[in-house]
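Examining the three-dimensional arrangement
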Amino acid sequence: MPKQLNKPPFWRHLPAWTVYALCWLLAHLPYRLLLSFGRGVGWLFRVLFKSRRVVIEKNIQSCFPELNAVEQQALMQQNYRETGMMVSQTLRTFLNRSPHPFNNLKIAGKAHLESALAAKQGVLLVSGHFTALDVGGRAICEQFPVAGVYRPHKNPVQEYVVKKARLQYADAMFSRDQLKAMVKYLKSGGVLWYAPDQDYRRGQSIFADFFGTPASTITATHQLARISGCQVMFYAVQRISQAPYYELSISPPMTDFPSRDVQVDTQRINANIEQMVKQAPDQYLWLHKRFKTRPPGAERFY
C-alpha cells in the first residue's frame, strides 16, 4: 500500500490546520501534565455533551445490571475521566515522535504472534474500542510489522494527519471496505489489527449478544479467517496508573475457528471482547451507540 498522501491546501483548510497546530503543541506537554489535561477534557465532556451522557448511562445499565445505582454512577464517572485521557493519549501517540513511555512495552503472549510470523501465517489481531486503543496500536507496531483497519475521516486535514501518523509506525492502513486487499495481505503472512465491536452501517452484519443484549456485529472476522486461512488472536490494551503505564497482552490463537457457522463464530468474537471489557470496564468506549441497530420489532435502545 503506498504511503504517500496528498496534503490538503493550507489556506483552504486554515481552521482545521489551526486545530492541528494546537493539538501538536498539546502532544508535546510532559506526559503526566498531558494526562491531567485529558482528565479536564473528560470533565468538560460530561458537562457539555448531555446526549452522550444518556448513551453512556444506558450502555452501562444494560451491560452491568449487577451493579447498583451508586456503583453504576461511579463507573460512569471513571469512564468520563478515561475518555478524556483517551484524547491526550491519542494526541501523544499520533503527533509526538520523541521517545515515549510506551515505545518498548512488554507484551504478554507475544510468543503466539512470533510463532505465526515465523511460520509465515497471517494473523487477524482483534481488539476492542478501548480508550488506549491507539497507544496499543503504536506499541505493537514498534515491535512487529502490523497493518491496521480504520474508518476514513470526512475532514481532509484530519484524514491526512491521522493516516500519516499511523503510517509512520504501521506497516499499512486499510479502510474498512478494502476487503480484497486485506485478504491478500493476510495470505502473504501479514498481521492485521482491527476492532469489530461497533455498530457499522456498511458490511454484512448479524445480531450476536454483547453483555446479554443483541448487538449488530459485522461478520468480517469469520469471513476474513475463512477466505485467508489466517489465525485469529485477541489483543488487549489497558492503562494502569504506575509505570510502565500500560498492560498489553496477546491471546493464544482461537481453536476451531472459523467454523461453518457464522453465527457461532461471531458470538465467540463478541464473547472474547466482552471478557476484555470486564478487565477494564472504565476504559471501554461506552459513548458509542453499540445497540443502536435493533432486531426487527424491538424497541429503540437509546
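Residues numbered from 1 in each chain as written. Predicted model: local features only at pLDDT ≥ 70, side-chain atom pairs only at ≥ 80, totals over all residues. Heavy atoms only, no water.

Together, Trp43, Leu44, Val47, Leu48 and Phe49 give the surface a local cluster of nonpolar side chains, amounting to about 500 Å² of exposed area. Looking at where Leu44 falls in the secondary structure, it is placed in helix H2 (residues 31-48). (Patch = residues over 30% accessible without salt bridge, like charges linked within 9 Å, V, L, I, M, F, W, Y side chains within 5 Å. Areas by Shrake-Rupley, 256 points an atom, 1.4 Å probe, with all protein chains shown as cover. Salt bridge = Lys/Arg side-chain N within 4 Å of Asp/Glu carboxyl O. Helix = DSSP H or I, 4+ residues; strand = E, 2+ residues; numbered from the N terminus.)

If you trace the seven strands from one edge of the open sheet to the other, you get E1-E9-E8-E2-E5-E3-E4, paired in mixed fashion. Whereas interior strands pair on both sides, the edge strands pair on one side only; in this sheet they are strand E1 (107-108) and strand E4 (173-175). Pairing of strand E2 (residues 123-126) with strand E5 (residues 191-194) involves four bridges; the strand directions are parallel. Residue pairing for E5: Val126 is matched across the bridge by Tyr194. (Pairing = 2+ DSSP bridges.)

Our focus in this paragraph is the nonpolar core. With 44 residues, the main nonpolar core has Leu124 and Trp286 as its most contacted residues. When neighbours within four sequence positions are excluded, Trp286 is seen to be in contact with Val55, Ile56, Asn59, Ile60, Cys63, Phe64, Asn79, Phe211, Val277 and Pro281. By size, the runner-up hydrophobic cluster in this structure holds 42 residues, among which are Ile107, Val146, Val161 and Val191. (Core = buried A, V, L, I, M, F, W, Y, C linked by side-chain atoms within 4.5 Å. Buried < 20%, exposed > 50% of the residue type's maximum accessible area, 1.4 Å probe, protein only. Contact = heavy atoms within 4.5 Å.)

On the surface, Lys154, Arg201, Lys292 and Arg300 cluster together into a patch of positive charge. Within the secondary structure layout, Arg201 lies in the loop between E5 and strand E6 (205-210). (Lys, Arg positive; Asp, Glu negative; His and termini not counted. Charge placed at Lys NZ, Arg CZ, Asp CG, Glu CD.)

Along the chain, Met233 turns up in strand E8 (residues 231-239). Take Met233: its relative accessible area is 0%, and that puts it in the buried class. Along the sequence, Met233 and Leu124 sit 109 residues apart, while their C-alpha atoms lie 6.3 Å from each other. Setting aside residues up to four positions removed in sequence, Met233 forms contacts with His112, Leu113, Ala116, Val123, Leu124, Leu125, Val126, Ile250, Ser251, Pro252 and Pro253.

Looking now at the side chain of Ser62. Relative to the assigned elements, Ser62 resides in helix H3 (residues 50-63). There is a polar contact of 3.0 Å between the side chain of Ser62 and the side chain of Thr213. Apart from residues lying up to four places away in sequence, Ser62 is in contact with Phe211, Thr213 and Phe301. (Polar contact = N/O pair within 3.5 Å; in protein donor to acceptor, adjacent residues only side chain to side chain.)

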